[in-house]
Amino acid sequence: MNTQNTPVHIRLWHRDFWLMAMANLLLTMAVYVLIPVMPGWLMQTENLTLQETGMIMGAFGVGIFLLGYLTSWLVQRFRRNVACIWAILLMTAALGWLYYLDTQKSQFFDFPILLVQRFALGAAFGVAQMILSSTLIIDTCESFQRTEANHSASWFSRFALSLGPLTGIIVDRMAGFSTVLLVSIGCTLAAIIFIRLVHFPFRTPEENVRVVSLDRFFLPQGWPLTLNLLVVTFVMGLLLSTITSELFYVMVMVGFLVALLAQRFAFRDADIESEVITGLLLIGVALLMMLTRQQTIVSFAAPMFIGFGLGIIGSRFLLFFIKLSRHCQRGTAQSTFFLAWESGLALGIGLGYGLLELQMGPMLQLALVTTVVALLFYHFFTHGWYIKHKNR
């Protein structure tokens, strides 16, 4: 199959790869499980305003950029799997700190402390995820399988976008927010176990490695792709800020599954522009349905369309980043994709609480306008720019 024009498909059965993919799923779930329940807890239990809640949730997206410039130095200075484990342990500590403050009702439990906690969680998650996706997952595969490995592993974190919130809603309803935090902590510890099960041979560090570097962190020449993907995931972030229905996340997961099948069959020989265009059109249709229709079928069809659209857009943009990168920049491309995806989600969630104040009508209208902007920007600029600048 010509992977230059067609997405690769999951054919990897190597034990180490699947262990890393499961670690990727659990690590992402540890963060996403908090999205639908933490804001309500902040406002109801801690009496924070919508604006303060939006700032706390959005701080996570700022935090993921904090330590990324150290990623290359960390994997060279220390064993790469150990550096990832230590970053995950920092995530565990940040979550454990929140659990302690919640259960003990500490007097230090106020807005600045919560803002710092969320920021620290984002910083630790950013480093852990960048090392995992840009180094560890790639290292478990042969060189000719690495594009397929990136594509396959990304689907695990994509499914976490539905599995995480769904788990958080169910656990919160059954056992409360403190138990949700324990589930999140359990996910981080399980991710560490999966990483520990894989043997990574010692690699001699490169000479003259810079402490501060864009390597394995950010791909400057990919700014149009970064901006376009950020705008797309911003729409999903807006939806995450207001929707706490189990059905919504179940149907988003169904949409992801349909997207996975569509890539294998419907888009196998299609023009590479068709996937992103189709995905954005379906997201736009879903938002229009949510704005103008009240029938029961909308509750099923709209989130499925959103999951389908987001799934095929995410897969195609990841391949765009990889094919845009030059030699030895695959890890950097992967990290840039991650940063665009997560920062868009965080920005949408923060804005949904902080400015739109959870009003469904204005939120859907803004999401629809943003989707149209993303579609026009991609069709008239990003796609043509990518065709001219790709390196593979």
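See the structure shown above.
Colleague: Give me the lowdown on helix α6 (residues 111-139), citing residues and values where you can.
Modeller: Taking 1.5 Å per residue, 29 residues should reach 42 Å; α6 reaches 41 Å between its end C-alpha atoms and fits that length. L132 marks the point of greatest bend in α6, at about 35°. Counting buried positions along α6 yields 22 of 29 residues, so the element is predominantly enclosed.

Colleague: Let's hear about the side chain of D102: which residues, and what values?
Modeller: Its place among the elements puts D102 in helix α5 (residues 80-104). In this structure the side chain of D102 is engaged in a polar contact, spanning 3.3 Å, whose partner is the side chain of W41.

Colleague: Can you tell me about the environment of T53, naming the residues and giving the values?
Modeller: Tracing the backbone through its elements, the reader meets T53 in helix α3 (residues 50-63). In sequence terms T53 and L132 are 79 residues apart; their C-alpha atoms lie 30 Å from each other. Non-local contacts of T53, meaning those with residues more than four positions away in its chain, are made with P39, L42, M43, L48 and Y353.

Colleague: Just give me the short version of unusual backbone geometry, but keep the residues and values in it.
Modeller: Positive phi outside glycine occurs at R216, with the angle close to 60°. Here R216 lies in the loop between α8 (177-196) and α9 (223-242).

Colleague: Outline the environment of M57, listing residues and values.
Modeller: Structurally, M57 can be placed in helix α3. Residue M57 is classed as buried on the basis of its relative accessible area of 2%. In this structure, M57 is in contact with I35, M38, P39, L42, R118 and I349, ignoring residues within four places of it in sequence.

Colleague: For a nonpolar patch on the surface, give the residues involved together with the corresponding values.
Modeller: Where nonpolar side chains cluster on the molecular surface, the patch consists of V82, W86, L89 and L189 and spans about 360 Å² of accessible area. Looking at the nonpolar patch, the element that brings in the most residues is α5, giving three residues. Of note, V82 is situated in helix α5. For V82, a relative accessible area of 31% puts it in the partly exposed group.

Colleague: Could you give an account of α3, naming the residues involved and the relevant values?
Modeller: The terminal C-alpha atoms of α3 lie 20 Å apart, and with 14 residues this matches the ideal 20 Å at 1.5 Å per residue to within 8%. For α3, the full list of buried residues reads T53, G54, I56, M57, G58, A59, F60, G61 and G63. Where α3 is buried, its residues touch α1 (15-32), α2 (38-44), α6 and α13 (330-354).

Colleague: With reference to specific residues and values, describe the packing of α9 against helix α11 (residues 272-292).
Modeller: The contact between α9 and α11 brings their axes to 12 Å, and the two run at 25°. With respect to α11, the element α9 is oriented roughly parallel. Remark: the crossing between α9 and α11 carries left-handed chirality. Contact residues: V232, V235 and L239 in α9; L280, I283, L287 and M290 in α11. Residues belonging to the contact of α9 with α11 are distributed by class as follows: seven nonpolar, no polar and no charged.

Colleague: Give me the pattern of salt bridges: which residues, what numbers.
Modeller: Per the stated rule, a full pass over the model turns up four salt bridges. With a closest N to O distance of 2.9 Å, R15 and D16 form a salt bridge.

Colleague: An account of the packing of aromatic side chains is needed here, citing residue identities and associated values.
Modeller: Counted according to the given criterion, the structure contains 17 aromatic pairs. Seen in terms of ring centroids, F60 and F125 are 5.6 Å apart; in terms of plane orientation they differ by 35°. Their pairing is tilted. Here the residue F60 occupies a position in helix α3, and F125 occupies one in helix α6, the gap between them amounting to 65 residues. Summarising the aromatic geometry, the rings of F321 and F337 are spaced 6.2 Å apart at their centres and angled 75° between planes, so their arrangement reads as edge-to-face. Note that F321 is positioned in helix α12 (residues 296-324) and F337 in helix α13, a separation of 16 residues in sequence. Here F321 falls in the buried class, since its relative accessible area comes to 0%. According to the relative accessible area criterion, F337 is buried, its value standing at 7%. Among the aromatic residues, ring-to-ring pairing joins F317, F320, Y378 and Y386 into one connected group. Lying over the aromatic face of W341, R158 brings its terminal NZ or CZ to 5.8 Å of the ring centre.

Reading the values: the criteria
Residues numbered from 1 in each chain as written. Predicted model: local features only at pLDDT ≥ 70, side-chain atom pairs only at ≥ 80, totals over all residues. Heavy atoms only, no water. Helix = DSSP H or I, 4+ residues; strand = E, 2+ residues; numbered from the N terminus. Expected span 1.5 Å × (residues − 1). Bend = angle between axes of the 7 residues up to and from the residue. Buried < 20%, exposed > 50% of the residue type's maximum accessible area, 1.4 Å probe, protein only. Polar contact = N/O pair within 3.5 Å; in protein donor to acceptor, adjacent residues only side chain to side chain. Contact = heavy atoms within 4.5 Å. Patch = residues over 30% accessible without salt bridge, like charges linked within 9 Å, V, L, I, M, F, W, Y side chains within 5 Å. Areas by Shrake-Rupley, 256 points an atom, 1.4 Å probe, with all protein chains shown as cover. Salt bridge = Lys/Arg side-chain N within 4 Å of Asp/Glu carboxyl O. Axes fitted to C-alpha atoms, helices over the stretch in contact; angles between N-to-C directions. Parallel < 35°, antiparallel > 145°, perpendicular 65-115°, else oblique. Left-handed = near helix turned anticlockwise from the far one by under 90°. Nonpolar A, V, L, I, M, F, W, Y, C, P; charged D, E, K, R; others polar. Phe/Tyr/Trp six-rings, centres within 6.5 Å; stacked < 30°, edge-to-face > 60°. Lys NZ or Arg CZ within 6 Å of the ring centre and 35° of its normal.

What is shown is where atoms sit, not what they do.
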